[in-house]
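# Close look at the chain arrangement
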Amino acid sequence: MNNIQVQDHQGVRIICFNRPEKRNALNLDMYKRVTEYLIEGEADNGIRAFMFYGNNQCFTSGNDISDFLANGNLGPTHPTVRFLYCLLELKKPIVAAVSGCAVGIGTTLLLHCDLVYADDTASFQLPFVNLALVPEAGASLLLPELIGYQKAAELLLLGDSFSAQTAKQLNMINGIVANEELYQFALSRAIRLAAQPPEALQATRQLMRPHKSRVQHQMHQELEQFGERLQSKEARALFASFLNKKK
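I will try to describe carefully the structure that is included in this document. (Residues numbered from 1 in each chain as written. Predicted model: local features only at pLDDT ≥ 70, side-chain atom pairs only at ≥ 80, totals over all residues. Heavy atoms only, no water.)

### With respect to the overall build of the chain
Let me state the cut-off plainly: Think of it this way: any DSSP run of H or I at least four residues long counts as a helix, any run of E at least two long counts as a strand, and we number them from the N terminus. C-alpha atoms define the radius of gyration in this analysis, and the globule rule sets the expected value at 2.2 Å times the number of residues to the power 0.38. Working rule for contacts: check all heavy atoms of both residues, and any pair within 4.5 Å makes them a contact. All accessible-area figures derive from a Shrake-Rupley calculation using a 1.4 Å probe, and residue coverage is judged against the displayed protein chains alone.
Helix and strand counts for the chain stand at 11 helices and 10 strands. A compact globule built from 247 residues should have a C-alpha radius of gyration of about 18 Å, and the chain, at 17 Å, falls within 12% of that. For the chain, the C-alpha atoms occupy an extent of roughly 50 × 40 × 40 Å along the three principal directions. Residue pairs in contact within the chain that sit at least 24 positions apart in sequence constitute 73% of those at least 6 positions apart. A total of about 11900 Å² of accessible surface is found on the chain, and carbon and sulfur atoms cover 50% of it.

### Considerations on the packing of helix α5 (residues 139-147) against helix α10 (residues 212-230)
Quick note on the threshold: Angles run from 0 to 180 degrees between N-to-C directions of axes, and those axes are lines fitted to C-alpha atoms, restricted for helices to the stretch in contact. Oblique is the label for any angle not covered by the other classes, which are roughly parallel (under 35 degrees), roughly antiparallel (over 145) and roughly perpendicular (65 to 115).
Packing of α5 against α10 leaves a shortest axis separation of 8 Å and a crossing angle of 130°. Here α5 lies oblique to α10, going by the angle between them. Contact with α5, carried on its side by Ala 139, Ser 140, Leu 141, Leu 142 and Glu 145, involves Arg 214, Val 215, Gln 218 and Glu 222 of α10 and no other residues of that element.

### Focus on helix α8 (residues 179-195)
Quick reminder of the rule: In this analysis, the expected span of each helix is defined as 1.5 Å times one less than the number of residues it contains. Only protein chains enter the accessibility calculation, which uses a 1.4 Å probe. A residue is then buried if its area is under 20% of the maximum for its type, exposed if over 50%, and partly exposed in between. The directions considered for the arc are those from the helix axis to the C-beta atoms.
Its 17 residues give α8 an end-to-end C-alpha distance of 25 Å, which sits within 8% of 24 Å, the value for a rise of 1.5 Å per residue. Those residues of α8 lying buried are Leu 182, Ala 186, Leu 187, Ala 190, Ile 191, Leu 193 and Ala 194. Along the axis of α8, the buried positions cluster into a sector of 160°, meaning they face one direction only. Facing away from the buried side of α8 by more than 90 degrees, the exposed set consists of Glu 180, Gln 184, Arg 192 and Ala 195. Packed against the buried residues of α8 are β1 (4-9), β2 (12-17), β3 (49-53), β5 (94-98), β7 (115-118) and α9 (198-207).

### A short note on the pattern of salt bridges
Test applied: Salt-bridge detection follows one rule: a side-chain nitrogen of Lys or Arg within 4 Å of a carboxyl oxygen of Asp or Glu.
Under the definition given, this model contains 10 salt bridges. Note that Arg 19 and Asp 64 form a salt bridge whose closest N and O atoms lie 2.8 Å from each other. Residue Arg 19 is located in the loop between β2 and α1 (28-43), and its partner Asp 64 is located in the loop between β4 (58-60) and α2 (65-70); the two are separated by 45 residues in the primary sequence. We note that Arg 19, like Asp 64, is buried.

### A short note on α1
Operational definition: Any pair of nitrogen or oxygen atoms within 3.5 Å is treated as a polar contact; in protein, a donor-acceptor pairing is required on top of that, and neighbouring residues in sequence qualify only through side-chain atoms on both sides.
The end-to-end C-alpha distance of α1, which contains 16 residues, comes to 23 Å, matching closely the 22 Å that a straight helix rising 1.5 Å per residue would cover. Restricting attention to buried positions, one finds in α1 the residues Leu 28, Met 30, Tyr 31, Val 34, Thr 35, Tyr 37, Leu 38 and Gly 41. By the N-cap criterion, in which a side-chain oxygen at the helix start approaches the backbone nitrogen of a residue two or three places on, α1 is capped by Asn 27, the distance to Asp 29 being 3.3 Å.

Right, here's the structure in full:
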């Protein structure tokens, strides 16, 4: 089974996480493939927008912990690191459609999307501190800027899951759509973006993101501390306990 499915439709590159037996947990091969599809789509003039989707039960449950622990050297060639910086560098707009769980990277990658829609089954979580880690994808900067420090502190320091309704109230998503309508609705929005004058669209998107260098710097700091925390005794103990429960 291909854990990443890709389809190009009316100028939109649709990238689907397809590992249902693991709740779409992302392993390093999946990160590598997604990055390749994004880079290819960015260079293809026929692709004018991207869309992320999981399935109607789960967006992604985050990183595959066992795979991540076995490959914890977060250097510039690490597939996860390449994916995060690729997200930051994309010029073309990104739409996301979220059903079910969006954990860790499943929530932080949404901070790099332009339009995000969810259904009422969607739940979001940023459990980095719970796992003795720190946030990634620039979330420690982007989230406080988006929703304010106190709410960001609540989500990042306590790590509780929160609903689509809460995400909408916090302006983290654009809207809530019925489960059976979500995919087509989000795709219709992506198609509308793809039909816009591409140079004007991309220029406007860049003007709305004037702090890219700050985000890049924050991502670098996050990854340094994430790598250190990944090797810490408290993180190793929590991961071992988590993996033992799954056996």
